[in-house]
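Spelled out, the chains give:
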Amino acid sequence: MVVVAKVLAAVFGLAAIAKLADRRGLPRAIVDFGLPARAAVPLGALLVVCELVVALALAVRPWERTGALGALVLLVGFSVAVVLNVSRGRTPACRCFGGLHAAPVGWSTVARNGLLATLAAFVAVGGRFPGLFAGLAVTASLAWIGLQPERGRKVRPGMVAPGFSLPDETGRTWAMESLLAAHRPLLLVFSDQACSACSALLPRVAGWQETYGERMTIAVVSGGSRRAGVIAGADGSGTAGGSREAAPHRLLADPERRVTAAYGITATPSAVLIDAERVVVAAPAVGAAEIGGLVDKALQTRGGSTIARRAVLFASAALAPALASACAAARDIKSIAPSGRPPKQVKAGDGWLCDQRYALCTSAACEPSPDDPDVVICRCVVEDGYSYGFASCAERAPEGDKLVSTFSVQSTTSRTHAMTCTDRARWANCLDVTCQVDTHNPHRALCHCQSVESEDFLTFGGNCDTSTCTTVIWSAATQQLPGVAEYKSAMKSIGLPVTFPETCPSGTPRATD
């Protein structure tokens, strides 16, 4: 019994320490299991504390039975959470040992917890009935071993994509988190050095990366004993029928085909589409035609949510003088894109319309910075699509968790109104400022905006309650609304109408084209 208690103490102690070191991964794992994001950090801290207490109690002889009861409660709770998710077709990653090991949960996870629970129950009853608990432990162990192959089956839509860490052709190591850092859909293409069809597909993959690089991330997982770069011709020798220029980048070497096996890939070329939240969108596609269909699916999903369904930007009745200059601004528009495709960037007046990820602060409420009286911190929304700013698209390109706040009217609804504040008050100018994505909620970003104090400013916040003009620091703009006419003209030039909300107290947006 003493030996079993010490083993359990080591297991729970290691789990607690590993979770403590995995500060970013643990909250995300809790959210993946279906719990609210706002509770992820406190629940993670509570879990680490509980596991540490259990480990210490198991290691101290007078308290080992109490520690075993605590371990039993935790294991039952973990198992219930796993069963609820698996029974609903969801297999989030179990970060039971933090960043040391992360794999999708399944019935094998329940069996493993059953083995540990059996050992905990044996210690809790003081070592009695050794034959009974030995039999239960053997049964749980056999179930755990027997269910291990389920990890090698194909990934399913709705499950969390298995994690990995592989080097590319330059020696840089890529993990799932780094591939999803831009918060775009991820297409994993599985290739093999002995696969001629894979060699024929790689130039096409390179074309997708070049054409759709700002809308989705594409990486190649190449199996075989040689480096991915050599397999794909990245060393300059060329692919089958390809050239150095045709070789895709982000060629990840999987020499022992472990990642390929983890995704249940049995034929190449194959591909898996993963969304920005690391959830598998579709079953693995096999062959060039099906993989091309996954590319179309990724582009359609993104387009439907960011262009056709949304439109946005500061406006009100004060737009009249700005609209008068729209025709002149339209003459300055210069599109940069191959014909036949919507341009990724459009020069309009003194600024640029860019199709990329950005922070939207049109209705954000802000707080004073504790460090700088000239700065206010606004909690803005992370969006993808077209937005206008006075920095170039290259300067505004997202880098890791860094974004730029720009001008758009995305997230505008029929209940959105442009509220004019006439009392002298403090507001935030967030145009072209740098923001950081919230580590606990990737749909939000914290922007350090310029603090402004004046009369007559305009905001989409406040819900037409002008008393909030002086009680809340709103992200706002001056009545002149810089860039509005250019934004409207640029959107019109690429065939996208813009819907501006009416000023308070009207409630129906006015569509303009």
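Here the structure is shown first, and the text comes after it.
Residues numbered from 1 in each chain as written. Predicted model: local features only at pLDDT ≥ 70, side-chain atom pairs only at ≥ 80, totals over all residues. Heavy atoms only, no water.

> Account for the overall build of the chain, naming residues and giving values.
Counting secondary structure elements, the chain contains 15 helices and 24 strands. Within the chain, residue pairs in contact and separated by at least 24 positions form 74% of the contacts whose partners lie at least 6 positions apart. (Helix = DSSP H or I, 4+ residues; strand = E, 2+ residues; numbered from the N terminus. Contact = heavy atoms within 4.5 Å.)

> Give a description of the nonpolar core that names residues and reports values.
Residues Phe164, Leu188 and Tyr263 are the most contacted members of the largest nonpolar core, which totals 21 residues. Those elements that place two or more of their residues in this core are helix 7 (176-179), strand 5 (186-192), strand 6 (217-223) and strand 8 (270-274). The dominant element in this core, judged by the number of residues it contributes, is strand 5, at three residues. Dropping the residues within four chain positions of it, Phe164 is found in contact with Trp174, Ala175, Met176, Leu179, Leu188, Leu252, Val259 and Tyr263. In this structure, Val54, Ala68, Ala120 and Ala124 belong to the second largest nonpolar core, which totals 20 residues. (Core = buried A, V, L, I, M, F, W, Y, C linked by side-chain atoms within 4.5 Å. Buried < 20%, exposed > 50% of the residue type's maximum accessible area, 1.4 Å probe, protein only.)

> Residue-level account of the packing of aromatic side chains, with values.
By the definition in use, this model includes four aromatic pairs. Judged by centre distance (5.5 Å) and plane angle (80 degrees), the rings of Tyr388 and Phe390 are edge-to-face. A residue is classified by how much of its surface remains accessible, and Tyr388, at 1% relative accessible area, is buried. Its guanidinium or amino end placed over the ring of Trp174, Arg172 lies 3.8 Å from that ring's centre, counting from NZ or CZ. (Phe/Tyr/Trp six-rings, centres within 6.5 Å; stacked < 30°, edge-to-face > 60°. Lys NZ or Arg CZ within 6 Å of the ring centre and 35° of its normal.)

> Account for a nonpolar patch on the surface, naming residues and giving values.
A surface patch of nonpolar side chains, amounting to about 250 Å² of accessible area, comprises Leu35, Leu43 and Leu46. The residue Leu35 is located in the loop between helix 2 (25-32) and helix 3 (40-59) in this model. (Patch = residues over 30% accessible without salt bridge, like charges linked within 9 Å, V, L, I, M, F, W, Y side chains within 5 Å. Areas by Shrake-Rupley, 256 points an atom, 1.4 Å probe, with all protein chains shown as cover. Salt bridge = Lys/Arg side-chain N within 4 Å of Asp/Glu carboxyl O.)

> Talk me through the sheet that holds strand 7 (residues 251-254); I want residue IDs and the actual numbers.
Each strand in a sheet pairs with another by means of backbone hydrogen bonds, the pair being arranged parallel or else antiparallel. Read from one edge of the open sheet, five strands run 7-6-5-8-9, paired in mixed fashion. The sheet terminates laterally at strand 7 and strand 9 (285-286), the two strands that pair on one side only. Where strand 5 and strand 6 come together, seven bridges link them in parallel fashion. Across the sheet, Leu188 pairs through a bridge with Ala219, a residue of strand 6. (Pairing = 2+ DSSP bridges.)

> Describe helix 15 (residues 484-493), listing the residues and the values that go with them.
In an α-helix, one turn spans 3.6 residues; hence positions three or four apart end up facing the same way. In terms of burial, helix 15 is largely enclosed, as eight of its ten residues are buried. Where helix 15 is concerned, the buried positions are Val484, Ala485, Glu486, Tyr487, Lys488, Ser489, Ala490 and Met491. The first or second residue beyond helix 15 is Gly495, which carries a positive phi of 80 degrees.

> I'd like a description of the state of the cysteines, backed by residues and values.
Tallied over the full model, the rule gives eight disulfides. Across the disulfide from Cys366 sits Cys378; the S-S distance is 1.9 Å. Around the S-S axis, the bridge from Cys366 to Cys378 shows a dihedral of about 100 degrees and counts as right-handed. Of this pair, Cys366 sits in strand 13 (residues 365-368) while Cys378 sits in strand 14 (residues 375-389), placing them twelve residues apart in sequence. Of the two residues, Cys366 and Cys378, neither departs from the other in class, the shared state being buried. (Disulfide = S-S within 2.5 Å.)

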